[in-house]
Amino acid sequence: MVQEIHYTVKTNRQNNNKFKSELPVNAKPGDHQMRKILIIEDEQDTASVLKKSLEASQYQTIVIGQGEAGLKAYKEERPDLLILDLGLPDMDGMDICRTIRKGDDATPIFILSARTEEIDRVMGLELGADDYITKPFSIRELRARVDVFFRRWDASVSKNSFARSTITSDGEIIRGPLKIDPVRRRVTVKDQIINISRKEFDILHLLASSPGKVFSREMILEAIWGVEWDGFERMIDSHIKRIRSKLEKNSVHPEWIETIWGVGYRFNDNMDRYTFS
Ligand code: CA
């Protein structure tokens, strides 16, 4: 049984130790799951919970407590995934993200932050982070996101679609019982036509075109309305609410469109969780 741990991170700028992990005893390099994860995090409690949990999932971890040393480790170790704290003693995690993205678009970056300002979240995603996790977070959820990320990665490498979705030559998105047809602008669930407004269709199509990708409210506004409307972000929430009431079996526990708290929305890419029958 996986124990879920919620904890609040304390700021501790004196805590600059660099500490490195050992390989888990029951895994060896070259194992399918021996992905190397670099964790740049100065808060030792957070780092050791992450390390322990990820190593229990057969990931190799390297933990670095400072930004400069973290960048160096990134260059030397070429990790498969970077988990990056924003508040580091010697530099801003955003600058690390920016520096890495200048030369490398491929290495996935998960940003970990106690900052709550929406601007930071949006900036993190716009800087090319693949996911943004706010503290305090559930270690179980974080590990699940890492697992899902790598499964999807493997699937795209083997050209074997993990999400089991199809996009037809007309651009129709087919995902289980849900079909989104951009030519006819029609949405069906189990072949029943869903009465959906133009904007609702646009939002659904946008999210479903990139399953698993987190869209901030600003990103949705800009993509659908083509303008930045300050203060209109909450309008997105009411559109999502209406889409859910039409699509979801239970809109209190939505299966298609997930809420990423404080960030925005994403179209579920984990079909295993669907309960449609
Ligand atoms: Ca920190």
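What you see is a predicted model; the values in this text were computed from it and never measured.

Undergrad: Kindly report on the overall build of the protein, identifying the contributing residues and their values.
TA: Regarding its fold elements, the protein presents 8 helices and 13 strands. Scored against the burial criterion, the 277 residues of the protein give a buried share of 28%.

Undergrad: Could you give an account of the environment of T99, with specific residues and numbers?
TA: Mapped onto the elements of the fold, T99 is located in helix α3 (residues 93-103). Residue T99 is classed as partly exposed on the basis of its 14 C-beta neighbours within 10 Å. Taking the C-alpha atoms as reference points, T99 and L127, 28 residues apart in sequence, are found 10.0 Å from one another.

Undergrad: I'd like a description of the sheet that holds strand β11 (residues 215-216), backed by residues and values.
TA: Pairing within the open sheet is antiparallel, and its 3 strands lie in the order β11-β13-β12. Lying at the two open borders of the sheet, with one neighbouring strand each, are β11 and β12 (257-260). Bridge count for β11 against strand β13 (residues 264-267) is 2 bridges, and the pairing is antiparallel. Within the sheet, the bridge partner assigned to F215 lies in β13 and is Y265. In this fold helix α6 (residues 198-209) packs onto β11, β12 and β13, with an angle of close to 65° to the strand it touches most, β13.

Undergrad: Please give an account of the sheet that holds strand β2 (residues 60-64) that cites residues and values.
TA: The strand order across the open sheet formed by 5 strands is β2-β1-β3-β4-β5, and the pairing between neighbours is parallel. Looking along the sheet, the strands with just one partner apiece sit at the ends: β2 and β5 (131-134). Each strand of the sheet is rotated relative to its neighbour by a mean of 20°, with strand direction disregarded. Lying on the sheet, helix α2 (residues 67-77) is in contact with β1 (36-40), β2 and β3 (81-85); it crosses β1 at an angle near 165°.

Undergrad: Tell me about the nonpolar core, residues and numbers included.
TA: Generally speaking, a soluble globular protein has its nonpolar side chains buried in company with each other. By size, the foremost hydrophobic cluster in this structure holds 52 residues, and its most contacted members are L38, I39, I83, L84, F110 and I111. Taken together, domain 1 (34-155) and domain 2 (160-273) each give at least three residues to this core, which thus spans both. Apart from residues no more than four positions distant in its own chain, L38 is found in contact with I62, I64, A73, Y74, E77, P79 and L82.

Undergrad: How would you summarise helix α8 (residues 233-247) if you had to cite specific residues and measurements?
TA: With 15 residues, α8 extends 22 Å from end C-alpha to end C-alpha; this agrees with the ideal 21 Å at 1.5 Å per step. For α8, the elements touching its buried residues are α6, α7 (217-225), β12 and β13.

Undergrad: Kindly report on the packing of α6 against α8, identifying the contributing residues and their values.
TA: The interhelical angle for the contact between α6 and α8, taken along N-to-C directions, is 85°, at an axis separation of 10 Å. Our classification of the angle between α6 and α8 gives roughly perpendicular. Of α8, the residues touching α6 (which contributes K199, E200, I203 and L204) are H239, R242 and I243. When grouped by side-chain class, the residues that make up the contact of α6 with α8 number 3 nonpolar, 1 polar and 3 charged.

Undergrad: Quick rundown of the pairing of β13? Include the residues and the values.
TA: A regular strand places its side chains so that they alternate between the two faces of the sheet. Here β12 runs beside β13; their pairing, made up of 4 bridges, is antiparallel. Each bridged residue has a counterpart across the sheet, and for T259 the counterpart in β13 is Y265. Hairpin remark: β12 followed by β13, antiparallel, with 3 residues in the connecting loop; positive phi at G262, about 75°.

Undergrad: Help me get a handle on unusual backbone geometry, residues and values and all.
TA: Between K135 and the following residue, P136, the backbone shows a cis peptide bond with an omega angle of -5°. Relative to the elements of secondary structure, P136 occurs in the loop between β5 and α5 (139-157). The residue Q58 is not glycine, and still its phi comes out positive at about 70°. Along the chain, Q58 turns up in the loop between α1 (44-56) and β2. C-beta crowding within 10 Å serves as the criterion here: with 15 such atoms nearby, Q58 is assigned to the partly exposed category. One non-glycine residue, R185, lies in the positive phi region at around 50°. Within the element layout of this structure, R185 appears in the loop between β8 (178-181) and β9 (186-189).

What counts as what
Residues numbered from 1 in each chain as written. Predicted model: local features only at pLDDT ≥ 70, side-chain atom pairs only at ≥ 80, totals over all residues. Helix = DSSP H or I, 4+ residues; strand = E, 2+ residues; numbered from the N terminus. Buried ≥ 20, exposed ≤ 12 C-beta atoms within 10 Å, placed from the backbone. Pairing = 2+ DSSP bridges. Contact = placed C-beta atoms within 7 Å. Axes fitted to C-alpha atoms, helices over the stretch in contact; angles between N-to-C directions. Core = buried A, V, L, I, M, F, W, Y, C linked by C-beta atoms within 7 Å. Domains from an automatic or database assignment. Expected span 1.5 Å × (residues − 1). Parallel < 35°, antiparallel > 145°, perpendicular 65-115°, else oblique. Nonpolar A, V, L, I, M, F, W, Y, C, P; charged D, E, K, R; others polar.

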